[in-house]
Amino acid sequence: MRRFDTPVLENRELSRDYRRIEVEWPGDAGTPAPGAFLTVGVSGTTDPLLRRPFAFSGYDPREGRAAFIFQIRGPATRLLSERRPGTVLDVLGPLGSGFPDPAPGSLPVLVGGGIGLGPLVFAAREFRLRAAAGGWEAPVLVLGFRTADQVPALDLPEGSVLCTDDGSAGFRGTAVEAAERAAAGGRYGPDAPPVFYACGPAPMMAALDRRAASLGASYWAAVEQWMACGVGACLGCAVRLKDGSFARACAEGPVFDGTSIDWGAM
Amino acid sequence: MNPDLSVRIGNLVLPNPVGVASGTFGYGSEYESLMDVDALGALYTKAVTPEPRPGNEVPRIVETPSGMLNSIGLANPGLEAFVRDKLPELRRRRCPVLVNVAGASEDDYLRVLERLEPEDGISGYEINVSCPNVSHGGLAFGTDPALVERLTARLKRSLRSARPLIVKLSPNVTDIAEIARAAESGGADAVSCINTLVGMVIDVDRRRPRLARGTGGLSGPAIRPVGVACAFRVSRAVAIPVVGIGGILEARDALEYLLAGARAVQVGTGNFRDPGTAARVLEGIRDWMVRNGASRMEDIPGMLDA
Ligand SMILES: Cc1cc2nc3c(=O)[nH]c(=O)nc-3n(C[C@H](O)[C@H](O)[C@H](O)COP(=O)(O)OP(=O)(O)OC[C@H]3O[C@@H](n4cnc5c(N)ncnc54)[C@H](O)[C@@H]3O)c2cc1C
Ligand SMILES: Cc1cc2nc3c(=O)[nH]c(=O)nc-3n(C[C@H](O)[C@H](O)[C@H](O)COP(=O)(O)O)c2cc1C
Ligand code: FES
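Keep in mind it's a predicted model, so treat the numbers as computed, not measured. (Residues numbered from 1 in each chain as written. Chains lettered and ligands numbered in written order. Predicted model: local features only at pLDDT ≥ 70, side-chain atom pairs only at ≥ 80, totals over all residues.)

Visitor: In this structure, what is going on with the overall build of chain A? I would like to understand it.
Guide: When its secondary structure is counted, chain A shows five helices and 15 strands. Radius of gyration (C-alpha) of chain A: 18 Å, near the 18 Å computed for a compact globule of 266 residues. Dimensions of chain A, computed from C-alpha atoms along their principal axes, come out at roughly 55 × 40 × 40 Å. When each of the 266 residues of chain A is scored for burial, the buried share is 50%. Restricting to contacts in chain A with at least 6 residues of sequence separation, those with at least 24 account for 62%. (Helix = DSSP H or I, 4+ residues; strand = E, 2+ residues; numbered from the N terminus. Rg over C-alpha atoms; globule rule 2.2 N^0.38 Å. Buried ≥ 20, exposed ≤ 12 C-beta atoms within 10 Å, placed from the backbone. Contact = placed C-beta atoms within 7 Å.)

Structure below.
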């Protein structure tokens, strides 16, 4: 974990309001993993004041490049959208826990809803590269969006499933429904329940939680929570667990065993 | 000439005037790989209460113009877990460690102090009578001069060590100088100000507050002028040292407090933005002192033209 100023290599529009920023990531800054995140200081003024967290969407150790995908939602992401390649970005990371590897023999189904796609695009690439060595199946990536104009211009791995709520691109339906079909298409029986990896809006996560429970499946969830420090110091990013306790999204998370999270409290 | 940056609070000598504020720096190790924690003038821990506290419901944080609201709710593992799990690493620190103490009753504060007195690795106590984010205790004490005086006196009497007692003041009062005088009469070695201001943000589309608890504590540059005014008024009302807190991001911000009469400062929300803030602020204070011919921290308050 380090804080450093690093050149922006690319700032590209992926769809109507999604963009991808790629920065130089020196090897001695720590290894970004799928599910982990960085925080970005976006302005030299007090507006916005706080750093903003973004999940890594990719890391290339040979080229020394790391990327994140973001949606323009407010002042910080608007400023980021205007950052030119060649200018420097104030970054701090890598932070938080990443997705655990799939168990040998399993088929990982990666489910991204909306702007939650970044860590899953990253995980899909990693899990695919290491599938033979790790002994798991090539992962299936399922991405859901509201409408076609959100669908990002990205090279997705072969076999990826796209869906939209209105059917304007890919399958019509939710990412969770598509993920369940993808899991059923694998070689699963009652003895080998599927393993999901997910990041998305609260309703999607709640739906996945219900489906996973009825399938007896486990899943890993990357959560979002308001953050101030990003390093475990302020206790602002608490996530309510089903046992009634709190965990810090930035330190114990952002990846949690999804079945341990009290989604109703999110 | 190298200025002398040390600051005396009671029997304690801080190596430099720039500390990190309670609740914004965890227990120090969180920032270990990002900056030199041991070079801090002082590390004020997250509040310690007798019993473990899970903290408030979420969301606990929202950004505001040049500031933020928090309603953490004094979340902490409790006194015994603090001694068992946090104190060993704090003991190894080369910077002074001051434990921020909170409670719901006088006895709560007393229990924390009595338990910590025999433990080493603690340089002093900051008594938090100013937390706006819990329903009992905290602010309930900090707004009543008689209660502040009685609590301070009781705590001071209970101390076996020569560790200083700093009373942390709330700006959410009619007259902060009166509360500061009460702390001084009770025997406080210093006062620190300010804790956060009560604030609220409403999501107009959802027609509900952005924080789960409704209100929270405002911190950051937005409160700096309030903090500087408090430091100014309090330092004229009491003879004990004043520690200035609120919205410090740069050396110039800290110098406002020092010129206003504060002897030392704490960086809070600034740590979130840049973990290097305290170090940068200290460097800037040193440069300013050299440029302006101040050789000791005590010289600075007298340099204000007011
Ligand atoms: C661990 C983590 C990883 C993240 N990864 C990504 C990512 O890969 N891509 C991406 O686009 N965004 C990601 N986010 C969210 C991102 O940090 C916010 O979108 C960003 O801070 C918005 O800043 P802003 O000033 O543009 O908008 P603001 O005005 O601050 O916020 C605009 C709206 O965005 C939503 N929002 C903002 N921050 C959060 C948050 N922390 N949690 C939940 N909702 C929020 C709220 O609805 C808010 O009203 C992540 C957040 C966390 C905590
Ligand atoms: C997230 C957060 C948690 C805090 N927790 C405590 C606490 O436990 N005890 C305390 O005395 N003050 C606490 N404070 C108040 C700060 O120590 C400080 O007084 C205040 O934030 C103003 O300084 P700043 O503007 O530099 O942040 C907290 C502040 C923040 C932002
Ligand atoms: S954001 Fe501060 S503890 Fe997680």
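Next comes the rest of the account.
Visitor: Even after reading the chapter, I still don't get the sheet that holds strand 11 (residues 195-199) of chain A, so can you show me in this structure?
Guide: Residue and element names in this part refer to chain A. The seven strands lie next to each other as 10-9-8-7-11-12-15, forming an open sheet whose pairing is mixed. Of all the strands in the sheet, just strand 10 (171-172) and strand 15 (255-257) have a single pairing partner and so form its edges. Examined bridge by bridge, strand 8 (residues 140-145) and strand 9 (residues 161-164) share four bridges and lie parallel to one another. Directly across from L143, in strand 9, lies its bridge partner L162. (Pairing = 2+ DSSP bridges.)

Visitor: Could you clarify how one ought to interpret the sheet that holds strand 10 (residues 190-193) of chain B in this entry?
Guide: Strands pair in a sheet through their backbones, by hydrogen bonds, and they do so in one of two ways: parallel or antiparallel. Residue and element names in this part refer to chain B. Taken in spatial order, the eight strands of this closed barrel run 3-4-7-8-9-10-15-16, and their pairing is parallel. Put simply, the sheet's adjacent strands are angled 25° from each other on average, direction ignored. Most of the contacts of helix 4 (residues 145-158) go to strand 9 (residues 165-168), to which it runs at about 160°, and overall it touches strand 8 (124-128) and strand 9. Taken strand by strand, helix 9 (residues 277-292) contacts strand 3 (18-20) and strand 16 (264-267), and its axis lies near 165° from that of strand 3. (Axes fitted to C-alpha atoms, helices over the stretch in contact; angles between N-to-C directions.)

Visitor: Any chance you could explain the nonpolar core here in plain terms?
Guide: Soluble globular proteins tend to pack their nonpolar side chains together in the buried interior. Of all hydrophobic cores here, the largest spans 182 residues; its most connected members are A:V111, A:V142, A:F196, B:I166 and B:V191. Counting the residues that make up this core, at least three belong to each of domain 1 (2-95) and domain 2 (108-222) of chain A. Leave out the neighbours within four places in its chain, and B:V191 touches B:I166, B:V167, B:L169, B:A180, B:A183, B:V234, B:V238, B:I240 and B:V242. (Core = buried A, V, L, I, M, F, W, Y, C linked by C-beta atoms within 7 Å. Domains from an automatic or database assignment.)

Visitor: I keep staring at the interface of chain A and chain B and nothing clicks. Help me out?
Guide: How big an interface is tends to be stated in terms of accessible area lost as the parts join. Each side of the interface is counted separately: chain A has 23 residues, and chain B has 30 residues. Within the side of chain A that touches chain B, the residues separate by chemical class into 13 nonpolar, six polar and four charged. (Nonpolar A, V, L, I, M, F, W, Y, C, P; charged D, E, K, R; others polar.)

Visitor: Looking at this structure, how should I read the pairing of strand 11 of chain A?
Guide: Residues and elements named next belong to chain A. By the criterion of burial, strand 11 is predominantly enclosed, with five of the five residues buried. Alternating residues of strand 11 divide into V195, Y197 and C199 and F196 and A198, and every residue in both groups is buried. As judged from the five bridges shared by strand 7 (residues 108-113) and strand 11, these two strands associate in the parallel manner. Within strand 11, the residue paired with V109 across the bridge is F196. Relative to strand 12 (residues 218-222), strand 11 runs parallel, the two being bridged by four bridges. Along strand 12, the bridge assignment pairs Y197 with W220. Handedness of the strand 11-helix 5 (residues 202-215)-strand 12 crossover: right-handed. (Right-handed = clockwise from strand over helix to strand, strands pointing away.)

Visitor: Explanation requested: the site of ligand 2 in the structure shown.
Guide: Ligand 2 sits among 29 residues. The nearest are B:A21, B:G23, B:A47, B:S219 and B:G268. Each residue belonging to the shell around ligand 2 can be placed in one class, and the counts come to 11 nonpolar, 16 polar and two charged. (Near = placed C-beta within 6 Å.)

Visitor: How should I be thinking about the environment of B:A42 in this particular structure?
Guide: All names here are of chain B. By the element assignment, A42 lies in strand 4 (residues 42-44). Distance from A42 to A21, taken between C-alpha atoms, is 8.8 Å for residues 21 residues apart in sequence. Apart from the residues within four sequence positions on either side, A42 is in contact with L14, G19, C95, P96 and L98.

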